[in-house]
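Structural overview
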Amino acid sequence: SGWTGEHYVLPDPPVPASPARADLAVLDPFVALAHLAAHTRTLRLGTGVTVVPWHHPLVLAKQVASLDRVSDGRLLFGIGVGYLAPEFEALGVPLAHRGRRTDEALDAMQVVWDGGDRYHGADVSFSGVRAEPRPLRPGGPPVHVGGYVASSFRRAVTRGHGWYGYALSPAATADALHELREALARHERPSHLGTLEVSVSPPPGTTL
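Think of each chain on its own: its residues are numbered from 1, step by step along the sequence as written. Totals for whole chains, interfaces and linings use all residues, but because this is a predicted model, local features are given only for residues with pLDDT of at least 70 and pairs of side-chain atoms are given and counted only at 80 or more. No hydrogens and no water enter the side-chain calculation; it runs on all heavy atoms of the structure.

A closer look at the pairing of strand β7 (residues 143-146)
Across the two faces of β7 the burial is the same, with Val143 and Val145 and His144 and Gly146 all buried. Two strands qualify as a pair provided that DSSP identifies no fewer than 2 bridges between them. Helix and strand assignments follow DSSP, with helices taken as H or I runs no shorter than four residues and strands as E runs no shorter than two, numbered in order from the N terminus. Of the pairings in the sheet, the one linking strand β4 (residues 75-80) to β7 comprises three bridges and is parallel in character. Residue pairing in the sheet places phenylalanine 77 in a bridge with valine 143 of β7. Bridging between β7 and strand β8 (residues 162-165) involves three bridges; their strand directions are parallel. From the neighbouring strand, glycine 146 faces β8, where its bridge partner is tyrosine 164. Handedness of the crossover joining β7 and β8 through helix α5 (residues 150-159) is recorded here as right-handed. Working definition: with a 1.4 Å probe on protein chains only, accessible area under 20% of the residue-type maximum means buried, over 50% means exposed, and in between means partly exposed. Throughout, right-handed denotes a crossover for which the path from the first strand over the helix to the second runs clockwise when the strands point away from the viewer.

Next comes the structure, spelled out in structure tokens:
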């Protein structure tokens with residue numbers, strides 16, 4: 001599998017939470033993965049991760065379904081709630097309650113992927129509309145949750161097909177696996193999600 005990150009802007013100068021220098025060229029993940037889809041046949045393609053609160057759920061549902069279609073169902077929908085405050089501020093998106101907004105957006109996307117025409121939530125509401133095409137897989141592509149806090153591990157267990165870690169050393173991966181086991185012990189996992197799949201990208205420059 002190949003994974004792409006998502007950053008529209010980076011703080012300049014960098015702040016302590018910055019994932020990279022501001023001059024790092026970050027391609028839009030849906031454009032990059034569509035290019036990879038056109039040049040591969042078996043590689044699974046993951047968004048690692050899409051920051052869901054930045055997107056309107058109906059627009060994101062269209063992007064995800066389109067990429068899933070052009071890749072012949074090879075998309076892994078990696079999602080996260082985001083954390084970089086200057087980026088949220090620059091995009092005009094509130095940082096507060098981003099976890100709740102992420103869960104609601106995923107619910108709304110599921111509705112249109114299942115053929116529904118209405119959803120009413122605290123932050124998202126629509127009715128009398130339809131979104132085509134739908135993803136190839138009924139219910140949409142597998143959801144892989146990113147993040148390293150308790151709520152992310154819980155979300156992976158309770159509503160994700162998998163968990164994704166970015167730029168993790170073997171020691172950091174072991175720590176994350178421990179947290180996932182703890183979350184699996186604390187939270188009920190819906191049976192339809194199956195076994196939790198774990199995907200990890202090593203730190204940049206790592207020789208495998």
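What follows continues from the structure just given.
Remarks on the pattern of salt bridges
We define a salt bridge as a contact between a side-chain nitrogen of Lys or Arg and a carboxyl oxygen of Asp or Glu at a distance within 4 Å. Inspection of the entire model under this criterion finds ten salt bridges. Ionic pairing is found between arginine 118 and aspartate 117, a salt bridge with its closest N-O pair at 3.1 Å. The class for aspartate 117 is partly exposed, based on a relative accessible area of 31%. Measuring nitrogen to oxygen at the nearest pair gives 3.7 Å for the salt bridge that ties glutamate 182 to arginine 186. One end of the pair, glutamate 182, and the other, arginine 186, are both in helix α6 (residues 170-186), four residues apart, so they sit about a helical turn from each other. The network of salt bridges with shared partners includes Asp103, Asp107, Arg155 and Arg159.

Looking at helix α2 (residues 57-70)
Because an α-helix packs 3.6 residues into every turn, residues spaced three or four apart end up facing the same way. By this rule the span expected of a helix is its residue count minus one, scaled by 1.5 Å. Taking 1.5 Å of rise per residue, 14 residues should cover 20 Å, and α2 covers 20 Å from first to last C-alpha, within 8% of that figure. Within α2, burial applies to Pro57, Leu60, Ala61, Val64, Ala65, Leu67 and Asp68. Projected onto a plane normal to the axis of α2, the buried residues spread over an arc of 165 degrees and lie on a single side. Directions from the helix axis toward the C-beta atoms define the arc.

Some points on helix α1 (residues 29-39)
Turning to α1, its buried residues number three or more, namely Pro29, Phe30, Ala32, Leu33 and Ala37. On an axial view of α1, the arc spanned by its buried residues comes to 160 degrees, and they lie on one face. In α1, the exposed positions that point more than 90 degrees away from the buried face belong to Val31, Ala38 and His39. Contacts are residue-level and defined by heavy atoms, with any inter-residue pair within 4.5 Å sufficient. Looking at the packing, one finds that the buried side of α1 touches β1 (2-4), β2 (45-47), β3 (50-51), α2 and β4. Structurally, the start of α1 carries an N-cap: the backbone nitrogen of phenylalanine 30 is 3.0 Å from a side-chain oxygen of aspartate 28. The term polar contact refers here to a pair of N or O atoms within 3.5 Å; inside protein, the definition further demands a hydrogen-donor-capable atom paired with an acceptor-capable atom, and it admits residues adjacent in sequence only when both atoms are side-chain atoms.

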